[in-house]
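Summary of the model geometry
The lines below spell out each chain.
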Amino acid sequence: MAKKVQMECCSHKTKIRSEEEYKKLIHRLNRIEGQIRGIRGMVEKNAYCPDILIQVAAVNAALNSFNKELLANHIRTCVVNDIRNGNDAIIDELVSTLQKLMK
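In this report, the structure presented in the accompanying data block is examined. (Residues numbered from 1 in each chain as written. Predicted model: local features only at pLDDT ≥ 70, side-chain atom pairs only at ≥ 80, totals over all residues. Heavy atoms only, no water.)

Brief notes about a nonpolar patch on the surface
Among the surface-exposed residues, Ile83, Ile91 and Val95 lie close enough to one another that they form a single nonpolar patch of about 220 Å² accessible area. Locating Ile83 in the fold gives a position in helix 2 (residues 49-84). (Patch = residues over 30% accessible without salt bridge, like charges linked within 9 Å, V, L, I, M, F, W, Y side chains within 5 Å. Areas by Shrake-Rupley, 256 points an atom, 1.4 Å probe, with all protein chains shown as cover. Salt bridge = Lys/Arg side-chain N within 4 Å of Asp/Glu carboxyl O. Helix = DSSP H or I, 4+ residues; strand = E, 2+ residues; numbered from the N terminus.)

This is the structure:
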C-alpha cells in the first residue's frame, strides 16, 4: 500500500512512495531523531565537548546518507518519469536541488 507524503516547506508537489521506500526513510529518520535526543542528553549531562562533536558528526553522516538515498529514489522515479513524459523542466529543478545540497 503506497502512502502519499506531502512536503510542507517548499513545493506544492507530492509523491506517492512505495510502502518499502516509506518504511526505509522513516526508519532512518527515527534513528537520526534518536541520535539527536542522545546528543541533547549529553549536553544536559555536561558531557565532554569532543564526545558530543563525534556524535554530531555521526548525525551529519546519517543525514547525508538519508539525502543520498532520497536523491537516488527521486532521480530513479520522478526525474525519469518526467523526462519520459517530455517535461524537461525537471532537469533544471534537479540542478537547482543539487546546487542547494552542495552549499
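Describing the packing of helix 2 against helix 3 (residues 89-101)
One way to put it is that helix 2 packs onto helix 3 with a least axis distance of 10 Å and a crossing angle of 165°. Here helix 2 lies roughly antiparallel to helix 3, going by the angle between them. Considering only the axes of helix 2 and helix 3, their crossing is left-handed. Residues Asn67, Leu71, His74, Ile75, Val79, Asp82 and Ile83 of helix 2 form the contact with helix 3, whose own contacting residues are Ile90, Ile91, Glu93, Leu94, Leu98 and Leu101. (Axes fitted to C-alpha atoms, helices over the stretch in contact; angles between N-to-C directions. Parallel < 35°, antiparallel > 145°, perpendicular 65-115°, else oblique. Left-handed = near helix turned anticlockwise from the far one by under 90°. Contact = heavy atoms within 4.5 Å.)

Comments concerning the environment of Lys15
Structurally, the position occupied by Lys15 is in strand 2 (residues 14-17). Its relative accessible area of 14% is what places Lys15 among the buried residues. In this structure the C-alpha to C-alpha distance between Lys15 and Thr77, which are 62 residues apart in sequence, comes to 9.7 Å. (Buried < 20%, exposed > 50% of the residue type's maximum accessible area, 1.4 Å probe, protein only.)

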